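# Observations on the model geometry
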Amino acid sequence: MKKHFEYPPPKERGDPGDPLCPTGQTATPVIAPADTPGAYTVYAMAGDGKVHSVNVADGEEVAPPFQFGYPNGKSYALNLWNNHLFTTTSQGCAGNPNQIWAVN
């Protein structure tokens, strides 16, 4: 499956070409079982900081995207534990603070 998340170009990012602050998706997505047996959902964080919940079988969004981080912040691998999605940001990309993010 291939999915592209559209969002406006960033107003601020790291220095152009800075390998520590790439644009776009930087957090590795996580996959989890859905409510329906045999169905799975991929949680992917786009470069604008929104998490998308995508059905693995057809690539359709199963819920509206929600803001989970800063646009163009360097997020690391998404993790899912006990119905909590979490990640971290670092490198101060686009002037964003380094933080731990979590949502239930």
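The numbers attached to residues start from 1 for each chain and follow its sequence in the written order. Where totals are concerned, whole chains, interfaces and linings use all residues; where local detail is concerned, this predicted model gives features only for residues with pLDDT of at least 70, and gives and counts side-chain atom pairs only at 80 or more. Calculation of side-chain values draws on the structure's entire complement of heavy atoms; hydrogens and water are dropped beforehand.

### Digging into the state of the cysteines
Using the following cut-off: In plain terms, two cysteine sulfur atoms within 2.5 Å form what is called a disulfide here. The helix and strand labels rest on DSSP assignments: H or I over at least four residues marks a helix, E over at least two residues marks a strand, and numbering proceeds from the N terminus. Buried means the residue's accessible area, taken with a 1.4 Å probe over protein chains only, is under 20% of the maximum for its type, while exposed means over 50%, and partly exposed covers the values in between.
Overall, the coordinates contain 1 disulfide when judged by the stated rule. The partner cysteine of Cys21 in its disulfide is Cys93, sulfur to sulfur 2.1 Å. The disulfide joining Cys21 to Cys93 has a torsion of about -85° about its S-S bond and is therefore left-handed. One end of the pair, Cys21, is in the segment before β1 (30–33); the other, Cys93, is in the loop between β7 (84–90) and β8 (100–103), with 72 residues separating them in the sequence. For Cys93, a relative accessible area of 2% puts it in the buried group.

### Concerning the pairing of β7
Each regular strand displays side chains that alternate between the two surfaces of the sheet. As a reminder of what qualifies: Any two strands with at least two DSSP bridges between them are considered paired.
Both strand β5 (residues 74–75) and β7 contribute to a ladder of 2 bridges, which runs antiparallel. If you follow Ser75 over to β7, its bridge partner there is Thr89. Judged from the 3 bridges that link them, strand β6 (residues 79–81) and β7 form a sheet pairing that is antiparallel. Each bridged residue has a counterpart across the sheet, and for Asn79 the counterpart in β7 is Phe86.

### So, the packing of aromatic side chains
Using the following cut-off: Centre distance within 6.5 Å is the pairing criterion for rings of Phe, Tyr and Trp, where only the six-membered ring of Trp is used; planes under 30 degrees apart are then read as stacked, over 60 as edge-to-face, and the remainder as tilted.
Counting across every chain of the model gives 3 aromatic pairs. A ring pair is formed by Phe66 and Phe68, whose centres lie 6.2 Å apart and whose planes are at 75°; its orientation type is edge-to-face. Judged by its relative accessible area of 4%, Phe68 falls in the buried class. Ring geometry for Tyr70 and Trp101: centres 5.1 Å apart, planes at 85°, overall edge-to-face. Of the two residues, Tyr70 is situated in the loop between β4 (61–67) and β5 and Trp101 in strand β8; the sequence distance between them amounts to 31 residues. These aromatic residues form a ring-pair network of at least three members: Phe66, Phe68, Tyr70 and Trp101.

### Here's the deal with the sheet that holds β1
Rules: To define axes, lines are fitted to C-alpha atoms, for helices over the stretch in contact only, and angles between the resulting N-to-C directions are given on a 0 to 180 degree scale.
With respect to topology, 4 strands assemble into an open sheet ordered β1-β2-β3-β4, the strand pairing being antiparallel. If you trace the sheet from one side to the other, it starts and ends with β1 and β4, each paired once. Across the sheet, the mean angle from the axis of one strand to that of its neighbour is 20°, orientation sign disregarded. As defined by bridge partners, β1 adjoins strand β2 (residues 40–45) across 4 bridges and the pair is classed as antiparallel. Across the sheet, the residue bridging to Ile31 is Val42, located in β2.

### Observations concerning unusual backbone geometry
For Asn82, which is not glycine, the phi torsion reads 50° and is therefore positive. Residue classification places Asn82 among the exposed positions, given a relative accessible area of 53%. The backbone phi angle of Gln91 is positive, close to 70°, even though this residue is not glycine. Of note, Gln91 is situated in the loop between β7 and β8. Judged by its relative accessible area of 40%, Gln91 is partly exposed.

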